Amino acid sequence: MAVGKEDVEIIKPRTDKREYRRIVLRNSLQVLLVSDPDTDKCAASMNVGVGSFCDPVGLEGLAHFLEHMLFYASEKYPLEDSYSKYITEHGGSTNAFTASEQTNYYFDVNTDCFEEALDRFAQFFIKPLMSADATTREIKAVDSENQKNLLSDAWRMNQLQKHLSSESHPYHKFSTGNWKTLEVRPKAKGVDTRQELLKFYEDNYSANLMHLVVYAKESLDKVQSLVEDKFQEIRNSDRSCFLFRGQPCTSEHLQILVRAVPIKQGHKLRIIWPIPPSIRLYKEGPCRYLGHLIGHEGEGSLFYVLKTLGWATGLSAGEGEWTLEFSFFKVVIDLTDAGHDHMQDIVGLLFKYVQLLQQSGVCEWIFDELSAVCETGFHYQDKFPPIDYVVNIASNMQIYPPKDWLVGSSLPSNFNPDTIQMILNELCPENVRIFWESQKFEGLTDKVEPWYGTAYSIEKVTPSIVQEWMSLAPMEKLHLPAPNVFIPTDLSLKSSQEKVKFPVLLRKSSYSKLWYKPDTMFSTPKAYVKIDFNCPYASNSPEAEVLADIFARLLMDYLNEYAYYAQVAGLYYGIIHTDSGFEVTLVGYNHKLRILLETVVDKIAKFEVKPDRFSVIKEMVMKDYQNFKFQQPYQQAMYNCSLILEDQTWPWMEQLEVLPHLNAEDLAKFATMMLSRAFLECYIAGNIEQEEAESMIQLVEDVFFKGSKPICQPLFLSQHLTNRVVKLERGMNYFYSKEGLNPSDENSALVHYIQVHRDDFILNVKLQLFALIAKQPAFHQLRSVEQLGYITVLMQRNDSGIRGVQFIIQSTVKGPGHIDLRVEAFLRMFESKLYEMTNDEFKSNINALIDMKLEKHKNLREESRFYWREISDGTLKFDRREAEVAALRQLTQQELIDFFNENIKVGATQKKTLSVRVYGNQHLSEINSDKSEPSQPHTIQIDDIFSFRRSQPLYGSFKGGFMKL
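Identification of the protein chain as Insulinase (Peptidase family M16) family protein isoform 1 from Theobroma cacao is taken from an unreviewed UniProt entry.

If you want it as structure tokens, here you go:
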């Protein structure tokens, strides 16, 4: 029974048709109910006001460990992992995260299974079972999660900032936990981690500290009675809210310059100031205002000046980690090599920009402009998946009054120059913390952060030193941004002449094809434009591949100061290098999209190589390639799997080899050559009329293909590009083994790929049904029971229409050869489960998959990506979901078993397997023994990827049929 059904008016977007209701249960649990009759998924999120700041001393990571443990089992549902199994088998997903002051648990599921899913979820907070056996196993999972973070610069630098703070403040803590903190050290002190876990749960998990969001298809009254029934048994111990008073940084932690050695190539500068938390001033939005100006990228901005000097390639500014008691304002700058040599000048210029803000005073017109952009953004926001929506709101509920639960701090509306000035005054040399990262500091440091092993040194930087840096900094013209011409003023909806269900081919010529899909679903003043330049000369060698990448990045670089204003106003653009050339994307409010498109097209047509910018971008690309070796081992395994399968792809090592020798002149010649032959594949969707769409592409054609000296010629028939994929031989097992690229990484990884078929509706649904049924049992066996590693996934794979399934596992515990055997053992075990499945279970899985397929697109971007995939792969099956649902309705259990026996079962004569094994430093000794095992029949060891690729047949390509519809 709810104690209160409060008629608080919850502010919601003008376009939002959902209904909301706040209730408080008799156990003081605050709940927001959301009713959405149009939804295809239901979701819930429980935010518990207990986080890693509550970890007991000597048990670092206990809150995070508890988050893991609640998923295992409950008194009402004692079968281990049955919650996750239920969610997965009914088309859903589930996860959780632990933050400083909150832990959030969430899931989504198909609408017809919501009641039972919600009941299972509620048991987390009523009577969870935390068995001794599961506790020991899950400590290993927490340790594995930490292992994958040890060589991540983001985690390392975050912990270094925490380390250099007051030891008495919880901000200082290590929050993830590992084998040492949760097993070794407690044991040595005679502490029982499981008893501490139970005590932590009993003491802290109280209903009055929880906030729940439930998103359902039913009416509010029905959802309310469901929630009252399921959640009122959560115990309320009237626990007072946790408050961590005091500041994490005392005077000894300010006015410091910290030099730190990162894992990856590249230099970064983080300038950080402790500030009063602006969450208490969220209507005034002081940090949003200051972040907007200090992080601006238009002409006259700090970034524009640093970029012009060749010193920086990226800059962001705004409020970083915050609580109700403390906060940080952060400016993060990605430096070039030259920028690294001018660190003092850069810090000087930043403080000069802060000085400019002081001298200019707080500008009301800038605040009003920002406020208008935020308001339009809020009222015309895209609908996004319910699972993301509930997490966002549940987190907001802990912080904001009920009327602002949906808004949060996204609508600054009260102009208050005093609060902005107050925060601005904190951005001074007296309070600064500077973290400077570069591998150039290797061997020059004298300290080590204890949890991640980051090498660093520290020195004092007094205000007088900063003043000196300011006085010596270059005399560049810094100024405030101009008024934003891209802010949309026409948000009207165009009337679509006809209700088109799928994209239509609006026009075609020897130059281009235009697919068009007016908005019939979302009623939003937004559009999506994609123009894919297919250029045969863009990818015919490693050099071409690298030059095409630099070409696309340079275009983005040239457009930045102009188009940044469009991004601020909600109109996004991107130019990226693709396997077949480059692709231009524009998405956002349609009112001024044409203006931006014309500018982008003009920049491409008049492309010239500026040597200074070429050098900067080349340096960036070089570091990206050099940093490839620091990717997670599972990512390396996936990369090598793609390299083996995808024809006409070049390895990163060859690209890195040719890169140093390329110069600006090479790019100038290449760009002309690349554009000399092109075919444009175009897709335009959203709030745009047919004539507008046609006229946009006519404009593009006129620029590139018309005139006395056209930039582009149409492709010859022989030049249309294809996507070809290696066709593995039936009944064969292929192996590729490789040492991990980073000798310091202890993690090994396996991708066990089973190739099945070329895109076909009936085979697709059999494969998808297998993946749905096997996903959770695979996770349970290989991760929860065997504890092979934190990253354990079974998922489908689609290479340009060639379908298969893959197991992806990363582990420090076992080497890839052993993991491969465990995957096969799992498939043998799964076999019997498949045979024993009841007819009801089979039908339930079929229905779950049908519901997943019939799930409507949430927004224009999501819909456009779906149709664009069909266009870019060349499959053009726009009615894919409907056709696959029809195939599913006909599918019998015996057909699924036959499919499994032919294609997936261990030893099946038709089965095609590729195992890509990456060996970390823990398992290097196994690489040779695994390779030299007596070769089994039907087994091939791949030594040279390219010899192998050349010797294999290829599947036919869907893409590249001239004028094919």
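After presenting the structure, the write-up continues.
Looking along a regular strand, one sees the side chains alternate between the two faces of the sheet. Sheet topology places strand β10 (residues 256–260) next to strand β16 (residues 455–460); 5 bridges connect them, and they run antiparallel. Considered in β16, the bridge of Arg 259 is made with Ser 457. Inspection of the sheet shows strand β15 (residues 447–448) paired to β16 by 2 bridges, in the antiparallel sense. Paired with Lys 447 across the strands is Tyr 456, a residue of β16.

With that settled, consider the UniProt feature "domain: Peptidase M16 N-terminal" (unreviewed entry) in the protein chain. Mapped onto this structure's residue numbering, the UniProt feature "domain: Peptidase M16 N-terminal" (unreviewed entry) falls at residues 31–165. The span residues 31–165 carries 40% helix and 23% strand; its end-to-end C-alpha distance comes to 36 Å.

Sheet topology note: the strand β12 (residues 312–322)/strand β13 (residues 327–335) ladder contains 8 bridges and is antiparallel. Residue pairing in the sheet places Ala 317 in a bridge with Val 331 of β13.

This part takes up the sheet that holds strand β14 (residues 433–437). Strand order in the open sheet formed by 7 strands is β12-β13-β11-β14-β10-β16-β15, with mixed pairing between adjacent strands. Two strands in the sheet have a free side with no partner beyond their single neighbour: β12 and β15. Direction of pairing for strand β11 (residues 267–275) relative to β13: antiparallel, over a ladder of 9 bridges. Directly across from Trp 273, in β13, lies its bridge partner Phe 329.

Another point: the UniProt feature "domain: Coenzyme PQQ synthesis protein F-like C-terminal lobe" (unreviewed entry) in the protein chain. As annotated in UniProt, the feature "domain: Coenzyme PQQ synthesis protein F-like C-terminal lobe" (unreviewed entry) corresponds to residues 769–868 in the numbering used here. Across residues 769–868, helical content stands at 62% and strand content at 18%; the span's end C-alpha atoms are separated by 24 Å.

Attention shifts here to helix α9 (residues 286–294). Think of an α-helix as turning once every 3.6 residues; residues three or four places apart then point the same way. Most of α9 is tucked away: 8 of the 9 residues are buried. Looking only at α9, the buried set comprises Pro 286, Cys 287, Tyr 289, Leu 290, Gly 291, His 292, Leu 293 and Ile 294.

Strand order in the open sheet made by the 6 strands is β25-β26-β24-β27-β23-β28, with mixed pairing throughout. Edge positions in the sheet fall to β25 (792–799) and β28 (939–942), since each has one partner strand and no second. Here the strands of the sheet are splayed against their neighbours by 20 degrees on average, with no regard to which way each runs. Across 7 bridges, the pairing between strand β24 (residues 748–758) and strand β27 (residues 912–919) is antiparallel. If you follow Ile 754 over to β27, its bridge partner there is Thr 913. Sheet strands in contact with helix α25 (residues 816–836) are β23 (732–739), β24, β26 (802–811) and β27, and its direction is about 45 degrees off that of β24.

The next subject is the packing of helix α2 (residues 82–89) against helix α24 (residues 761–785). Geometry of a packed helix pair, given as the angle between the helix axes and the separation of the axes. Two elements in contact, α2 and α24, have axes separated by 9 Å at closest approach and are oriented at 165 degrees. Relative to α24, the element α2 lies roughly antiparallel. In the packing of α2 onto α24, the handedness of the crossing is right-handed. Residue-level inspection shows Ser 84, Lys 85, Thr 88 and Glu 89 of α2 in contact with α24, the latter providing Leu 772, Ile 773, Lys 775 and Gln 776. Among the residues forming the contact of α2 with α24, the class breakdown is 2 nonpolar, 3 polar and 3 charged.

For the rest of this paragraph, the subject is the environment of Thr 913. Within the secondary structure, Thr 913 sits in strand β27. Assessed through its relative accessible area of 2%, Thr 913 is described here as buried. Considering only alpha carbons, one finds Thr 913 and Gln 806, 107 residues apart in sequence, at a separation of 9.5 Å. Leaving out residues up to four positions away in the same chain, Thr 913 has contacts with Met 732, Asn 733, Tyr 734, His 752, Tyr 753 and Ile 754. At a separation of 3.4 Å, a polar atom in the side chain of Thr 913 contacts the side chain of Asn 733.

Moving on, we get to the environment of Leu 699. Looking at where Leu 699 falls in the secondary structure, it is placed in helix α23 (residues 690–705). Along the backbone, Leu 699 and Glu 598 are 101 residues apart, and their C-alpha atoms lie at a distance of 8.2 Å.

Let's shift gears to the packing of aromatic side chains. As enumerated under the stated definition, the model contains 50 aromatic pairs in all. Measuring from centroid to centroid gives 5.6 Å for Phe 384 and Tyr 389, while their planes differ by 80 degrees, and the two rings are edge-to-face. On the accessibility criterion, Phe 384 (25% relative accessible area) is partly exposed. On the basis of an interplanar angle of 80 degrees and a centroid distance of 4.9 Å, the ring pair of Trp 436 and Phe 441 is categorised as edge-to-face. Both residues of the pair, Trp 436 and Phe 441, belong to the buried class. Pairwise contacts between aromatic rings join Phe 71, Tyr 83, Tyr 105, Phe 107, Phe 114, Phe 121, Phe 124 and Phe 125 into one cluster. Positioned over the ring face of Tyr 389 is Arg 18, at 4.3 Å from the centre of the ring.

Let us now look at the domain arrangement of the protein chain. Annotation of the protein chain at the domain level lists domain 1 (17–232), domain 2 (251–385 + 404–472), domain 3 (504–714) and domain 4 (725–955). For domain 2 and domain 4, the distance between their C-alpha centroids amounts to 44 Å.

Burial of nonpolar side chains together is a common tendency in soluble globular proteins. Phe 121, Phe 125 and Phe 231 are the most contacted members of the largest nonpolar core, which has 73 residues in total. In this structure, this core is formed jointly by two domains, domain 1 (17–232) and domain 2 (251–385 + 404–472), each of which donates at least three residues. The residues touching Phe 125, leaving out its near neighbours within four places in the chain, are Met 46, Val 48, Leu 70, Tyr 105, Tyr 201, Tyr 205, Met 210 and Ile 234. Membership of the second largest hydrophobic core comes to 70 residues, among which are Tyr 516, Ala 544, Leu 659 and Phe 704.

Another aspect to go through is the pattern of salt bridges. Tallied over the full model, the rule gives 58 salt bridges. For Asp 229, the salt bridge identified is with Lys 230, shortest N-O distance 3.6 Å. The exposure class of Asp 229 is partly exposed, given its relative accessible area of 48%. Here the salt bridges share partners, and the residues they tie into one network are Asp 759, Arg 803, Lys 853, Glu 870, Lys 877, Arg 880 and Glu 884.

Conventions adopted
- Residues numbered from 1 in each chain as written.
- Predicted model: local features only at pLDDT ≥ 70, side-chain atom pairs only at ≥ 80, totals over all residues.
- Heavy atoms only, no water.
- Pairing = 2+ DSSP bridges.
- Helix = DSSP H or I, 4+ residues; strand = E, 2+ residues; numbered from the N terminus.
- UniProt positions renumbered as here; feature names shortened; annotations may be inferred.
- Buried < 20%, exposed > 50% of the residue type's maximum accessible area, 1.4 Å probe, protein only.
- Axes fitted to C-alpha atoms, helices over the stretch in contact; angles between N-to-C directions.
- Contact = heavy atoms within 4.5 Å.
- Parallel < 35°, antiparallel > 145°, perpendicular 65-115°, else oblique.
- Left-handed = near helix turned anticlockwise from the far one by under 90°.
- Nonpolar A, V, L, I, M, F, W, Y, C, P; charged D, E, K, R; others polar.
- Polar contact = N/O pair within 3.5 Å; in protein donor to acceptor, adjacent residues only side chain to side chain.
- Phe/Tyr/Trp six-rings, centres within 6.5 Å; stacked < 30°, edge-to-face > 60°.
- Lys NZ or Arg CZ within 6 Å of the ring centre and 35° of its normal.
- Domains from an automatic or database assignment.
- Core = buried A, V, L, I, M, F, W, Y, C linked by side-chain atoms within 4.5 Å.
- Salt bridge = Lys/Arg side-chain N within 4 Å of Asp/Glu carboxyl O.

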